[in-house]
Amino acid sequence: MVITKRGLVLGATAVVLTTVAVTGAGLHLSQSQAFFRESPKELVDEVWQIINRRYVDATFNQVDWEEVRQDYLNRSYSSKEQAYKAIREMLEPLDDPYTRFMDPEEFKNMQIDTSGELTGVGIQIALDEETKKLMVISPIEDTPAFKAGILAKDIIIKIDGKSTEGMDVNDAVQLIRGKPGTSVTLTIQRGQKVVDYPITRARIEIHPVKYSYRETSDGYGIGYIRLSQFSANAAKEMGEAIRKLEDQNVSGYVLDLRSNPGGLLYASIEIARMWFDSGTIVSTVNRIGKAEYQKAINRSLTNKPLVVLVDGGSASASEILSGALQDNQRAILVGTKTFGKGLVQSVRGLGDGSGLAVTIAKYLTPSGRDINKSGIEPDIVFELSDEQRKDLQKNRDKVGTLEDAQYAKAFQILMQEIAAKQGSRAEGKAR
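How each quantity is defined
- Residues numbered from 1 in each chain as written.
- Predicted model: local features only at pLDDT ≥ 70, side-chain atom pairs only at ≥ 80, totals over all residues.
- Heavy atoms only, no water.
- Helix = DSSP H or I, 4+ residues; strand = E, 2+ residues; numbered from the N terminus.
- Buried < 20%, exposed > 50% of the residue type's maximum accessible area, 1.4 Å probe, protein only.
- Contact = heavy atoms within 4.5 Å.
- Areas by Shrake-Rupley, 256 points an atom, 1.4 Å probe, with all protein chains shown as cover.
- Axes fitted to C-alpha atoms, helices over the stretch in contact; angles between N-to-C directions.
- Parallel < 35°, antiparallel > 145°, perpendicular 65-115°, else oblique.
- Nonpolar A, V, L, I, M, F, W, Y, C, P; charged D, E, K, R; others polar.
- Pairing = 2+ DSSP bridges.
- Phe/Tyr/Trp six-rings, centres within 6.5 Å; stacked < 30°, edge-to-face > 60°.
- Lys NZ or Arg CZ within 6 Å of the ring centre and 35° of its normal.

This brings us to the overall build of the protein chain. Scanning the protein chain for helices and strands turns up 12 helices and 23 strands. Counting over 431 residues, the protein chain shows a buried share of 55%. Expressed as a percentage of contacts within the protein chain between residues at least 6 apart in sequence, the contacts between residues at least 24 apart total 70%. Just so you have it, the protein chain exposes about 18900 Å², and 46% of that area is on carbon and sulfur atoms.

Orientation of helix H2 (residues 40-54) relative to helix H3 (residues 65-73), taken along the N-to-C sense of each, is 175 degrees, at an axis distance of 10 Å. It follows that H2 is roughly antiparallel to H3 by the angle criterion. Of the residues in H3, those touching H2 at Lys 41, Val 44, Asp 45, Trp 48, Gln 49, Ile 51 and Asn 52 are Trp 65, Glu 66, Val 68, Arg 69, Tyr 72 and Leu 73. Partitioning the contact of H2 with H3 into residue classes produces seven nonpolar, two polar and four charged.

Turning to the environment of Glu 205, a few remarks are in order. Counting through the fold element by element, Glu 205 comes out in the loop between strand E12 (202-204) and strand E13 (209-215). For the pair Glu 205 and Thr 119, spaced 86 residues apart in the sequence, the C-alpha separation amounts to 8.7 Å.

Attention now moves to the sheet that holds E13. Pairing in this open sheet of six strands is mixed, and the strands run E13-E14-E15-E19-E20-E23 from one edge to the other. The open sheet terminates on both sides in strands that have one partner only, identified here as E13 and strand E23 (380-381). Summarising the sheet, strand E19 (residues 306-310) and strand E20 (residues 332-335) pair through four bridges and their orientation is parallel. By the bridge assignment for E20, Val 308 is matched with Leu 333. Sitting on the sheet, helix H8 (residues 234-247) touches E13, strand E14 (221-227) and strand E15 (252-256), and the angle it makes with E13 is about 15 degrees. Where helix H10 (residues 317-327) meets the sheet, it contacts E15, E19 and E20, and its direction lies at approximately 140 degrees from that of E19.

Per the stated rule, a full pass over the model turns up seven aromatic pairs. Between Tyr 55 and Phe 60, the aromatic rings sit 6.4 Å apart at their centres with planes inclined by 15 degrees, giving stacked as the arrangement. Measuring from ring centre to ring centre gives 5.2 Å for Tyr 253 and Trp 275, while their planes differ by 85 degrees; the resulting arrangement is edge-to-face. Taken as a pair, Tyr 253 in strand E15 and Trp 275 in the loop between helix H9 (265-273) and strand E17 (280-286) lie far apart in primary sequence, 22 residues in all. As far as the burial class goes, Tyr 253 and Trp 275 line up, both buried. Through a chain of ring-to-ring contacts, three or more aromatic side chains come together here, namely Trp 48, Tyr 55, Phe 60 and Trp 65. A cation sits over an aromatic face here: Arg 75 above Tyr 72, 4.0 Å from the ring centre. Over the face of the ring belonging to Phe 339 we find Lys 153, whose NZ or CZ atom lies 5.2 Å from the ring centre.

Take it as geometry only, folks, not as evidence of what the structure does.
Right, here's the structure in full:
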C-alpha cells in the first residue's frame, strides 16, 4: 500500500497488522457528525457525491451513476447499519476492490500510524481483480506470517476453517487480526497445493532498513541495503545507511526490494531523490488526464553503480522506486517481475466516523508506463526455485549473501558495472 501525507493511497490493500495509518487532510470528522448520525440517508448521499466528484473512471464502469443516486436516496434507512450495507452495495457495480467503505471501527484501525508498533501476523492482502479471491501481496519480513512460510501471491481460501469465497477484504482483516499470543490458521492454496498454516499473532516493530558493508577479494567495498517497507522512518534510515556506507568508500550498491509490499508515497519519492539528481520520479494521472509530477531535486547522496533486486512481492511504492531508477537509467534491476499495483486512492473521514477510500488516479513511471497489473520487468530476469525460496525463508542469515542466488547474480552484475566504471576512469586519465 502507498499512502501520501495528504491521504492518497496507491495500490491500496488491506494490511493485516493493525492496518495502516492515513494522516493529513481529509481525515478529520466534519462538524455535522451528529447530523449524519441522525440521518443515515445523508451519509449515503455523501458517499455518492464523493464518488461522483473524484472517481478515476468518469463512466463509473459504464454505470448510470445518477440513476444509482435516485435509487438509493428513494430508500428508507432506519439505522446507520442499513446505510452502511446500502453504501457497500452501491459501490459494488464499480467493480473496484480498492474503492471501499469502512465503518467507524474499520476506519479507526486504518488510522493507526505506520511508524508505530503493529499487531497481527504480518501480511498485506488484496482481492484479486480477476479471480475475486483473497491474495497475499507480500508477507512482511521477520513477522509471524513470513516465518510460517507465507509467500507473495498465495491464495487464502480459509481463515480458521471459514471459507473466504465471496468474503470482503475488510471482513478477512477482522478475522485474521487479533491479540498478540493468540493464533489463527490460514488455509493457503499455492498452485495445486492446499496447506494449513497455524500462525501466532504478535506485536511487530518494523525497522525498514538493514545494511552492511562487504569487501570483495579484489578489495572493492560493496554496500548492501535491504528495504522491507516504506514506513514513515524509511527515508531517514535509508539516508543514514547510504551516508555511513559512503564514509566507508564503497564502490557500488545492491538495493534489495524483494518482498517489499510498499508503504508511504513520500518515502519512495524521498528515497529516489537519494539516488539521482535530476529527472522524473513518478507521475499520477486523474480521470480528466491531468498529470502531476514528482521530480528529483539535485540532492542525491551517491552516484555509485547500483543494482536493485525485485520480485513478485515488490509492490506499489517499491514499483515507484524501481521504475524511477530503471527509467532514469540509474540502476540495473535483477530478479522477477514486480506485483503490479499502480492505483491512487484518496482516503477520507465521513460525518459519522466512518471512512471511504476512493480510487482517484493511477501512477506512471517516468517513461509513462502504467504499472497497474503489468508490473515492472527487471532488466535481468533471474528466478529462485521453490526450494531456494524456502531455504532463504528458513535461513534468514543467507539473504543478501552469496548463498542467496538472486543476490549472487546481482553481485556479479554490480562487479561488472564497477569494473566498467573503473575502466572508463582509467581510460580518461590515460588520455
